[in-house]
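# Close look at the chain arrangement
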Amino acid sequence: MIYRFGPFALDAAKRELRRDGAVVETEPKAFELLVYLAEHRERAVSKDELLGALWPRQIVTETALSRCVMKARRAVDDDADRQAVIRTLHRHGYRFVAALRDVTLPGLSMSPASAASPVLPISPVSPLPAEAAARTGRRPRRMAAAITAAGALVVLAIAGALFLRQAEEPVTAGPLAVLPVADRTGEAELGWVPMGMMSLLARMLEDGGLDVVPEARVLEALEDTDADAPPDGPGFKRLQDRTGAAGVLHTALERQPGLYRLVAVLTAADGRQTRRIIVGETPAGIAADLAAVVAGLMHGTGVPDDERFAKVSSDPFVNELYARALDLELQGDIAAAREMFRLASAQQPELFWLRYEIALCTRDLNEWQEAERQFAALYEEASSGADVRALVVTLNSRGVMHFQRRDYARAEADYLRALEVASERGKPADRATVLVNLGLVSTHLGATDAAREYYRQALAELEAAGRPPSGFFYNNYAGLMLEAGDLDAARTYSERAVETFRLYGQRRYEAPSLNRLGRVLRRQGLLDEAAARHEQALSIYRELGDAAGELSVQSALTAVHRARGDLTRARNNALDVLASATAGDDPAALADAHMQLAAVETDLGRTETALAEFEAAEGLFASAADPRGVQAARRGIAEAALASGDVERADALAHELLQAALAAGNATSEARARWLTGRVAEARGATAAAAEAYGAALAYARGANDREVHIMAAVCLAELQLAAGHADDAATLVAELEPLAGADRDYLRLAARLARARGDTARALELVTELRAGAGEAWTPDDDALLAELSR
């Protein structure tokens, strides 16, 4: 298939882009992107569809796609402002908009996904002047000459005069965002420069003592913008809002006879721009000199001394390999990045941070034993060294590996040690990272109160560092608040997560945030709003082709159907989810499906079936080392056992759950366990003990804004008071529940019985009628009898 537009011919069969007949050097992924967009030119193509088409069976970030779009635009003389060929549809994706003169079919067409070529990185790593020589221990002539000339680097500073001034005061204070380097050399072998040199500069500046915004966050904030020029006022404001940056560094690499020239513009928060130019023999070499100059400007002390750059090398050859590896890593090609890091490390094996990058790649490739060995060696070295941050990040990264393997005890131990070191001499941003990870571990261990405190501290550290929380932070914190029963906070942070992911166009992360928001709204009794959020999430998951995500939404919708009293629909939905989860071999989804089905069977009064489903869920949660799931399943087993008359089993489980909650310091689990002990005590006729247990659960719920536990405990306690003839005490609780419970069925039943006991038949009938209108299949024979009595 040949697509002709303007002076270009895009030949899918030959994998060539030609301009006026001459072949245009195009990176493989950029070419595939052009072909895919041209093939689907009649519609907009989402970012997630492109990620799936260009990187099948690979996990890559949207950064890779943004960079691919930039390269494709450059190949066809397009840019983010003009958009004559590739148009950005914000928060969705891209569309091919160039007018085609004709489309030629010279045989069989070939789509990018079916091209019989290996998956290649975006940047052209061939020809790579250093790679072959590095494998044999020799350096290419050009690089060798460059290195011997490193002492002859010329440093020019242009700021009204052609000399470098010692800065009297800092240019700006706060985090610095380093933009991708604009490559204006026209040299095909320097395709690694935009992303690779950006990352290299960021690491050098960190070594210079600066607070640098992570590259991934900068690229997210840029979206698909080329960033080929220093940011204007609105552009700077957008970067500042999205990254928390107080300054922005824009650089451009140019070629002049015999030398490279790096032009840098440092934009401060007040809009002032400081310009510097560094000239030298090699791109990696002048990057080091520029980092020294910028660090001096930011500190207000001029150029730091020569004892700098622990993260990178003083050898431009090694730094070029380093930058190429960083470029591959940002694209998501972890295996290729690791090989490039290894090449660099072979040249300078004493450089700690190269070996650290190798360990990260090994971990991310799930080669656990080798990663364990590498991290152990790094830990021993960092423990005896003077670089505090090396020890902090090694411990944190090893903790991440343990967390991924669900070894929560070892993960927590590494995180706690990392926090101890970071608290002594680390930076706020490092402490925030470790604190968030500790919060995640505590949440998985069921220690909700501890997790909440870690997140609170992390927020304070982020504020001190001048960094806005990420969408992931908001979403994880919302999950914790939901677990803790603080539904107002859970809703707030869920909504922030959705807004943040939408802002960056990250639909694959927006979907789970919407699903969680739906769960929160259901717990708040806002069923229509909950269903709407779940449907939005379902639509995104279907668009992405994410079957596991679809299952999670369908499972959540089962709970919404139950809350509406639509039990037949809920049961059918739960059975469908169970069948899909079984076929998909997803233990977590399967356990959740069993839980949802058990809850529906409980509502339908099928106690034995519910008990079997809860037990199946317990086994799956236990095999997945999910203590929260195990506790939820055991609560279900205890309630089912109680309903079937097995009080002894329910009692044993209730006390076991209470002891576990107390040991973990989980106030939410403790309150639910106390409510359950109250149910057991009531079944045994021990009303005083039951009232005490319900009262303890209620006290927690009032303080924690836990609507669900509040209703459960208050209803049970009020029913005891009503049965004992204390209608006034019961009325106090009913009045307390009225603004909170809404159309909750248990609340309506209680309120109706109270009205009847007080002789207010009209009010009781009104409440039962409201109950009948919303109960659906959850309407019980007892409800029918009460309605009949009141109607007489």
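Residues numbered from 1 in each chain as written. Predicted model: local features only at pLDDT ≥ 70, side-chain atom pairs only at ≥ 80, totals over all residues. Heavy atoms only, no water.

### Some words on the packing of aromatic side chains
- The final tally for this structure, using the stated rule, is 15 aromatic pairs.
- For the ring pair Tyr 322 and Phe 341, a centre distance of 5.9 Å and an interplane angle of 80° mean the geometry is edge-to-face. Taken together, the residues Tyr 322 in helix 10 (residues 316–331) and Phe 341 in helix 11 (residues 334–347) connect sequence positions 19 residues apart.
- Given the relative accessible area of 1%, Tyr 322 is considered buried.
- Between Phe 473 and Tyr 474, the ring centres sit 6.3 Å apart and the planes meet at 75°, which makes this aromatic pair edge-to-face. The same class applies to Phe 473 as to Tyr 474, namely buried. (Phe/Tyr/Trp six-rings, centres within 6.5 Å; stacked < 30°, edge-to-face > 60°. Helix = DSSP H or I, 4+ residues; strand = E, 2+ residues; numbered from the N terminus. Buried < 20%, exposed > 50% of the residue type's maximum accessible area, 1.4 Å probe, protein only.)

### What to know about the pattern of salt bridges
- All chains considered together, the criterion is met by 55 salt bridges.
- Between Glu 708 and Arg 523 there is a salt bridge whose closest N-O contact spans 3.2 Å. Residue Glu 708 is found in helix 30 (residues 707–723), and its partner Arg 523 is found in helix 20 (residues 507–523); the two are separated by 185 residues along the sequence.
- A salt bridge links Arg 684 to Asp 651; the nearest nitrogen and oxygen atoms lie 2.8 Å apart. Residue Arg 684 is located in the loop between helix 28 (667–683) and helix 29 (687–704), and its partner Asp 651 is located in helix 27 (residues 647–664); the two are separated by 33 residues in the primary sequence. (Salt bridge = Lys/Arg side-chain N within 4 Å of Asp/Glu carboxyl O.)

### Some thoughts on the packing of helix 20 against helix 21 (residues 527–544)
- Interhelical geometry of helix 20 versus helix 21 gives an angle of 160° and a closest axis separation of 8 Å. In terms of orientation, helix 20 and helix 21 fall into the roughly antiparallel class. As helix 20 packs across helix 21, the resulting crossing turns out to be left-handed. Here helix 20 contributes Arg 507, Arg 508, Glu 510, Ala 511, Pro 512, Leu 514, Asn 515, Leu 517, Gly 518, Arg 519, Leu 521 and Arg 522 to the contact with helix 21, which in turn contributes Leu 527, Glu 529, Ala 530, Arg 533, His 534, Gln 536, Ala 537, Ile 540, Tyr 541, Glu 543 and Leu 544.
- Its residues placed into classes, the contact of helix 20 with helix 21 shows 11 nonpolar, 4 polar and 8 charged. (Axes fitted to C-alpha atoms, helices over the stretch in contact; angles between N-to-C directions. Parallel < 35°, antiparallel > 145°, perpendicular 65-115°, else oblique. Left-handed = near helix turned anticlockwise from the far one by under 90°. Contact = heavy atoms within 4.5 Å. Nonpolar A, V, L, I, M, F, W, Y, C, P; charged D, E, K, R; others polar.)

### Structural notes on the packing of helix 11 against helix 12 (residues 352–364)
- In contact at an axis separation of 9 Å, helix 11 and helix 12 are set at 155° when each is read in the N-to-C sense. The angle between helix 11 and helix 12 falls in the class roughly antiparallel. Remark: the crossing between helix 11 and helix 12 carries left-handed chirality. Across the interface between the two elements, Ile 334, Ala 337, Arg 338, Phe 341, Arg 342, Ala 344 and Ser 345 from helix 11 touch Leu 354, Arg 355, Glu 357, Ile 358, Cys 361, Thr 362 and Asp 364 from helix 12.
- For the contact of helix 11 with helix 12, the residue count by class is 7 nonpolar, 2 polar and 5 charged.

### With respect to the side chain of Asn 573
- Looking at where Asn 573 falls in the secondary structure, it is placed in helix 23 (residues 567–584).
- Its relative accessible area of 13% is what places Asn 573 among the buried residues.
- Asn 573 has contacts with Gln 554, Leu 557, Thr 558 and His 561, leaving out every residue within four places of it along the chain.

### Digging into the pairing of strand 12 (residues 247–256)
- Of all the 10 residues making up strand 12, 8 are buried; the element is thus mostly covered by neighbouring parts of the structure.
- Examined bridge by bridge, strand 10 (residues 176–178) and strand 12 share 3 bridges and lie parallel to one another. When the bridges of strand 12 are listed, Val 178 appears paired with Leu 249.
- Bridge count for strand 11 (residues 182–183) against strand 12 is 2 bridges, and the pairing is parallel. Bridged to Asp 183 within strand 12 is Leu 253.
- Bridge analysis of strand 12 against strand 13 (residues 259–268) gives 10 bridges, and the strand direction is antiparallel. Its bridge partner being in strand 13, Glu 254 is matched across the sheet by Arg 261.
- Between the antiparallel neighbours strand 12 and strand 13 lie 2 residues, among them Gly 258 with a positive phi of about 80°. (Pairing = 2+ DSSP bridges.)

### Comments concerning helix 21
- Taking 1.5 Å per residue, 18 residues should reach 26 Å; helix 21 reaches 26 Å between its end C-alpha atoms and fits that length.
- Within the sequence span of helix 21, burial applies to Leu 527, Ala 530, Ala 531, His 534, Ala 537, Leu 538, Ile 540 and Tyr 541.
- Tucked into the core, helix 21 has its buried residues touching helix 20 and helix 22 (547–563).
- Gly 545 occupies a position one or two residues after helix 21 and carries a positive phi of about 70°. (Expected span 1.5 Å × (residues − 1).)

### Topic: the side chain of Arg 635
- On the secondary structure map, Arg 635 appears in helix 26 (residues 627–643).
- Despite its burial, Arg 635 pairs with no opposite charge, the nearest such side chain being Glu 639 at 6.0 Å.
- Leave out the neighbours within four places in its chain, and Arg 635 touches Leu 657, Ser 669, Arg 672 and Leu 676. (Lys, Arg positive; Asp, Glu negative; His and termini not counted.)

### Some words on helix 14 (residues 388–404)
- The end-to-end C-alpha distance of helix 14, which contains 17 residues, comes to 25 Å, matching closely the 24 Å that a straight helix rising 1.5 Å per residue would cover.
- Summarising burial for helix 14: 13 of the 17 residues are buried, a large majority.
- Here helix 14 starts with a cap whose side-chain oxygen sits 3.2 Å from the backbone nitrogen of Arg 389, and that cap is Asp 387.
- Just downstream of helix 14, Arg 406 is the residue with a positive phi angle, here 60°. (Polar contact = N/O pair within 3.5 Å; in protein donor to acceptor, adjacent residues only side chain to side chain.)

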